[in-house]
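Chains, contacts and geometry: an overview
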Amino acid sequence: MSNQFRVKDDITTENRQQEISELISRLIDFSPTKIAVEQLQSEQLGLDQEYSDFVQNDLILPHNEVYQLGFRTAKSLGHKRVYAIDYQNESSELTIGHVFEFAEECCPDLHEELNNLGQKFFSEMKIRL
């Protein structure tokens, strides 16, 4: 599986936490009525328990977007739950890494274009953050 676009960053730093708070403020301005996170639907009950614990201040948030963005935004909006969704259901094994591997083997031009788009995206995101 390809992790070539995974950004390694310490989100616990004061600067990163401030940036996350700014992003959450912008999400709140959008006034979403539901917060959906990338989690298998079969894990909804566990997610519900974790969110309930977090709302009651009984959970230290792990360092990923489900918690840092999803939970914090939902709590700020007073939502009762976050919704587990994942375009890949439990039976799917297709990942973005598989797409890149296929493109690299079968369509070198497509692979190069995907790489260029990914690099451009992350370069722009680093500038904005």
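Remember, predicted model here, so these are calculated numbers, not experimental data.

Criteria and cut-off values
- Residues numbered from 1 in each chain as written.
- Predicted model: local features only at pLDDT ≥ 70, side-chain atom pairs only at ≥ 80, totals over all residues.
- Heavy atoms only, no water.
- Helix = DSSP H or I, 4+ residues; strand = E, 2+ residues; numbered from the N terminus.
- Buried < 20%, exposed > 50% of the residue type's maximum accessible area, 1.4 Å probe, protein only.
- Contact = heavy atoms within 4.5 Å.
- Areas by Shrake-Rupley, 256 points an atom, 1.4 Å probe, with all protein chains shown as cover.
- Expected span 1.5 Å × (residues − 1).
- Arc of directions from axis to C-beta.
- Core = buried A, V, L, I, M, F, W, Y, C linked by side-chain atoms within 4.5 Å.
- Salt bridge = Lys/Arg side-chain N within 4 Å of Asp/Glu carboxyl O.

Here the focus is the overall build of the chain. In terms of helices and strands, the chain carries 5 helices and 2 strands. Going residue by residue from the N terminus, the α and β elements of the chain occur as α-β-α-α-β-α-α. Looking at the chain as a whole, 26% of its 129 residues are labelled buried. Put simply, 69% of the contacts in the chain that link residues at least 6 apart link residues at least 24 apart. Accessible area for the chain stands at about 9500 Å²; split by element, carbon and sulfur atoms hold 53% of it.

Further remarks concern helix α1 (residues 14–30). Spanning 17 residues, α1 covers 25 Å between terminal C-alpha atoms, matching the ideal 24 Å at 1.5 Å per step. Buried residues of α1: Glu 19, Ile 20 and Ile 24, and no others. Burial along α1 is one-sided: seen end-on, the buried residues are contained in an arc of 140°. What points out from α1, more than 90 degrees from its buried face, is the exposed set Glu 14, Arg 26 and Asp 29. Packing partners of the buried residues in α1 comprise α3 (65–76). The first or second residue beyond α1 is Ser 31, which carries a positive phi of 55°.

What follows is about the side chain of His 111. Within the element layout of this structure, His 111 appears in helix α5 (residues 108–128). Excluding anything up to four places from it in sequence, His 111 contacts Phe 100, Ala 103 and Glu 104.

Core analysis: the biggest nonpolar cluster contains 12 residues, these being Ile 35, Val 37, Leu 47, Tyr 51, Phe 54, Leu 61, Val 66, Tyr 67, Phe 71, Ala 74, Val 82 and Ala 84. When contributions to this core are tallied by element, the ones reaching two or more residues are α2 (44–55) and α3. It is α3 that contributes the most residues to this core, 4 residues altogether. Apart from residues lying up to four places away in sequence, Leu 47 is in contact with Val 37, Gln 39, Val 66, Phe 71, Val 82, Tyr 83 and Ala 84.

For the rest of this paragraph, the subject is the pattern of salt bridges. One side chain can pair with another of opposite charge once the charged atoms of both are near each other. Taken as a whole, this structure holds 2 salt bridges when the rule is applied. Of the charged contacts, one joins Glu 19 and Arg 16 as a salt bridge, the two residues approaching to 2.2 Å between their closest N and O atoms. Of the two residues, Glu 19 and Arg 16 are both situated in helix α1; the distance of 3 residues between them amounts to about one turn of the helix. On the basis of relative accessible area, Glu 19 is assigned to the buried category, the value being 16%.

Let us look at the environment of Ile 35. Tracing the backbone through its elements, the reader meets Ile 35 in the loop between α1 and β1 (36–38). Ile 35 sits in the buried class, given a relative accessible area of 11%. In the structure, Ile 35 is positioned 40 residues away from Lys 75 in sequence and 9.9 Å away in space, judged by C-alpha atoms. The contacts of Ile 35, once residues within four sequence positions are left out, are Gly 70, Thr 73, Ala 74, Leu 77, His 79, Val 82 and Tyr 83.

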